[in-house]
Amino acid sequence: MSIFLDVLRSEGLAHLSYILGQGREAVVIDPRRDIGAYLDIADRRSMRITRIFETHRNEDYVIGSMELARATQARIYHGHAFAFAYGEPVQEGDSFDLGSLRLEILETPGHTDESISIVVKDTDFGNEPVAVFTGDTLFVGDVGRTDFFPDRKEEVAGLLYDSIFGKLLELGDQTIIYPAHGAGSVCGSGMADREFSTIGYERRNNRSLQVQDRQAFIRKKVAEHHYQSPYFRKMEEFNMNGTALDVGVVRPPPRWPRTISNLPWTPACRSLTAGCLKHLPEPSFRAAWPFPYH
Ligand SMILES: [Fe+2]
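Report follows, based on the coordinates. Note that the coordinates shown come from a computational prediction; the quantities given were computed from them, not determined experimentally.

### Notes on the overall build of the protein chain
Summing up its helical and strand segments, the protein chain has nine helices and twelve strands in all. Classification of the 294 residues of the protein chain by burial places 40% in the buried group. Excluding contacts between residues fewer than 6 apart, the proportion of contacts in the protein chain whose partners are at least 24 apart in sequence is 62%.

Structure below.
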């Protein structure tokens, strides 16, 4: 039975989500809220989406797990270190079979405490990892930001070091990485424009990994400054508690046209469609506009 992996990009947010399947079954990693693309892919391949994995709570967009679960009856899984109001917690060593593939959970805290990575093995060929979904722990060309816990700056930077050097790099140079963001994301800086890489390539070329030791890595991370969009806290809240909002019926508040009157609005954008979102200039604005986050 052939195995497929599709990457879905949310332009502007530089968010990457994935649908991986074999036989009649597929899983989705970090779904966005407009879930039609996943459903179309599954339909086209006569597959059922049975599981949804969240690599972490996410702060720059509202995740679509609940919408997708509602549409497919798939089960939602995320790390156990945060108390989510929905889904099921997983921990290191948990594994899930998908045809001949085995998905194994690695706890990789640092960016957030409950961050997980999902290791993919092909049991037809042995026990060596083929790939790993790294969430916001390891990107192509960078690592995740660690500034979400100002009182624990050094501690969480150290956790990220341990997750990357002690776990992800140990998967072996052959392992392909699939992160949750690409270049242009506010979740890191210095990411490569390229969306494909391996552990071995990152080990040798990722600038954030070219450090002498753990302390040097911590010093580097603590000295970084990243943009904190005001809507992050609201997105985190939605992603922890779930939301009943359906993106398909969200309409802008009455004050909104005034707010965006100076934006490069086009005649094609008379309704709120994905095609119209690309005309909005700033990633964080695009992600936040439907929500009264102030
Ligand atoms: Fe993140």
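### Structural notes on unusual backbone geometry
A positive phi is found at Asp30, a non-glycine position, where the angle reads about 55°. Of note, Asp30 is situated in the loop between strand S3 (25-29) and helix H1 (36-44). Backbone geometry places Asn58, a non-glycine residue, at a positive phi of 70°. Among the structural elements, Asn58 can be located in the loop between strand S4 (48-53) and helix H2 (65-72).

### Some remarks on the sheet that holds strand S9 (residues 116-122)
What the six strands build is an open sheet, ordered S7-S8-S9-S10-S11-S12; its pairing is mixed. Strands at the two margins of the open sheet, each flanked by one partner only, are strand S7 (95-98) and strand S12 (197-198). Taken together, the seven bridges between strand S8 (residues 101-107) and S9 define a ladder with antiparallel strand orientation. Paired with Leu101 across the strands is Asp122, a residue of S9.

### Considering the pairing of S7
The sheet contact formed by S7 and S8 spans four bridges and is antiparallel. Residue Ser95 lies in a different strand from S8, and its bridge partner there is Glu104. Linkage of S7 to S8, two consecutive antiparallel strands, is achieved through a turn of two residues, within which Gly99 is found at a positive phi near 60°.

### Comments concerning the nonpolar core
Membership of the largest hydrophobic core comes to 51 residues, with the highest contact counts inside it found for Tyr18, Val28, Ile49, Leu68, Ile118 and Val132. Ranked by residue count, the leading element in this core is helix H3 (residues 153-168), at seven residues. Membership of the second largest hydrophobic core comes to eight residues, among which are Leu13, Ala14, Ile63 and Phe238.

### Here we look at the environment of Tyr86
By the element assignment, Tyr86 lies in the loop between strand S5 (75-79) and strand S6 (88-90). Taking the C-beta count within 10 Å as the criterion, Tyr86 has 13 such neighbours and is therefore assigned partly exposed. When the C-alpha positions of Tyr86 and Ser65 are compared, they lie 9.7 Å apart, and in sequence the two are 21 residues distant. In this view, Tyr86 contacts Met66, Ile76 and Gly242; residues no more than four positions away in its chain are not counted.

### Structural notes on the sheet that holds S5
On the basis of which strands lie adjacent, the open sheet formed by six strands has the order S1-S2-S3-S4-S5-S6 and mixed pairing. If you trace the sheet from one side to the other, it starts and ends with strand S1 (3-10) and S6, each paired once. Strand after strand, the sheet turns through a mean of 25° between neighbouring axes, direction not considered. Here S3 runs beside S4; their pairing, made up of five bridges, is parallel. Paired with Ala26 across the two strands is Ile49, which belongs to S4. Helix-sheet contacts for H1 involve S1, strand S2 (15-22), S3 and S4, and the interaxial angle to S4 is about 140°. Sitting on the sheet, H2 touches S3, S4 and S5, and the angle it makes with S4 is about 155°.

### Let's talk about the pairing of S4
Regarding topology, H1 serves as the crossover connection from S3 to the parallel S4, and that connection is right-handed. Where S4 lies against S5, three bridges are found, and the strand directions are parallel. Considered in S5, the bridge of Ile52 is made with Ile76. What joins S4 to S5 is H2, and the crossover it makes is right-handed.

### Here we look at the environment of Thr108
Relative to the elements of secondary structure, Thr108 occurs in the loop between S8 and S9. Residue class for Thr108 comes out buried when judged on the 31 C-beta atoms lying within 10 Å of it. Linking Thr108 and Leu138, residues 30 residues apart in sequence, is a C-alpha distance of 9.7 Å. Once residues within four sequence positions are removed from consideration, Thr108 is found in contact with Ser115, Ile116, Ser117, Thr137, Ser163, Lys167 and Leu168.

Calculation notes
Residues numbered from 1 in each chain as written. Predicted model: local features only at pLDDT ≥ 70, side-chain atom pairs only at ≥ 80, totals over all residues. Helix = DSSP H or I, 4+ residues; strand = E, 2+ residues; numbered from the N terminus. Buried ≥ 20, exposed ≤ 12 C-beta atoms within 10 Å, placed from the backbone. Contact = placed C-beta atoms within 7 Å. Pairing = 2+ DSSP bridges. Core = buried A, V, L, I, M, F, W, Y, C linked by C-beta atoms within 7 Å. Axes fitted to C-alpha atoms, helices over the stretch in contact; angles between N-to-C directions. Right-handed = clockwise from strand over helix to strand, strands pointing away.

Note that all results are geometric; they support no functional claim without further evidence.
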